[in-house]
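Structural features, examined
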Amino acid sequence: MSNVSVDATESAHNENQPENNTRRRFLTVATSVVGGVGVVGAAVPFIASWNPSAKAKAAGADVEVDISGIEPGQLVRVMWRSKPVWIVRRTPEILEELGTHEDKLKDPNSEAEQQPAFAQNRFRSMKEEYLILVGICTHLGCSPQHLKDGAFEEVVEGVPDGFFCPCHGSKFDMAGRVFQNVPAPLNLVVPPYQFVDDNNIIIGSEAEAV
């Protein structure tokens, strides 16, 4: 094997000039392509930033929930603005119960501003069947328990279903209305929401008035 000197290399470089020109064009195109890929790669995080981040959602972005799988009598929990939100599918029996104990409530007609205007009714909801509440006690911010199928009668006689806060004993019915003689001063909060269709709701904003 022979050694190649610097001079021989330069001579070979001069003799193969057309080949090197072709190689330069190839490298130029390749560099442009790689640069273009880099631009696209840089654009992806930027485009992704248009979508709400977890921090943005916690700060107040709307949350869409599929309610089609909720069984009658069942409560499901979702998070909105870092708060637990309850969605309860009430049975006809639960709805009927709401009119039987209003003399025991502090604010049976929901006169305090704890709900949107559309929920200022006995059921405190847009659709009677579905109750949507912020699951935080209005006393000191604890999260009440859902007592059902007669279990709530242990804390309020004659009322089989409701919410009980074991921290300080506050009690709420199945419309989130607070009972008398408990520490909590107000009904549970109904967040703004709207129905997209029969199976989906958006928590965080109301439908525009038409």
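Conventions we followed
Residues numbered from 1 in each chain as written. Predicted model: local features only at pLDDT ≥ 70, side-chain atom pairs only at ≥ 80, totals over all residues. Heavy atoms only, no water. Buried < 20%, exposed > 50% of the residue type's maximum accessible area, 1.4 Å probe, protein only. Helix = DSSP H or I, 4+ residues; strand = E, 2+ residues; numbered from the N terminus. Pairing = 2+ DSSP bridges. Core = buried A, V, L, I, M, F, W, Y, C linked by side-chain atoms within 4.5 Å. Phe/Tyr/Trp six-rings, centres within 6.5 Å; stacked < 30°, edge-to-face > 60°. Lys NZ or Arg CZ within 6 Å of the ring centre and 35° of its normal.

The subject of this paragraph is the pairing of strand β6 (residues 162-165). Side-chain direction in a regular strand flips from residue to residue, so the side chains alternate between the two faces of the sheet. Neither face of β6 is exposed, since G162 and F164 on one face and F163 and C165 on the opposite face are all buried. Here strand β5 (residues 145-147) pairs with β6 via three bridges, running antiparallel. In the strand pairing of β6, Q145 is matched with F164. Sheet topology places β6 next to strand β7 (residues 170-172); three bridges connect them, and they run antiparallel. Looking at β7, one finds that F164 is bridged to K171.

A separate point is the nonpolar core. Counting residues in each nonpolar core, the largest one holds 36 residues, and the members touching the most others are I67, I87, F163, I201 and I203. Here the element with the most residues in this core is strand β4 (residues 130-134); it accounts for five residues. Of all hydrophobic cores here, the second largest spans seven residues; its members include V156, V159, F164 and F179.

What the rule picks out here adds up to five aromatic pairs. Consider the rings of F152 and F179, whose centres lie 6.0 Å apart with planes at 45°: the pair is tilted. Within this pair, whereas F152 is found in the loop between β5 and β6, its partner F179 is found in the loop between β7 and β8 (193-197), the two being separated by 27 residues in sequence. Judged by its relative accessible area of 3%, F179 falls in the buried class. Put simply, the rings of F118, Y130, Y193 and F195 touch in pairs and so form one group of aromatic residues. Sitting over the ring of F195, K127 keeps its end group 4.3 Å from the ring centre.

Further remarks concern the pairing of β4. Most of β4 is tucked away, with five of its five residues classed as buried. Of the two faces of β4, the one lined by Y130, I132 and V134 and the one lined by L131 and L133 are each fully buried.

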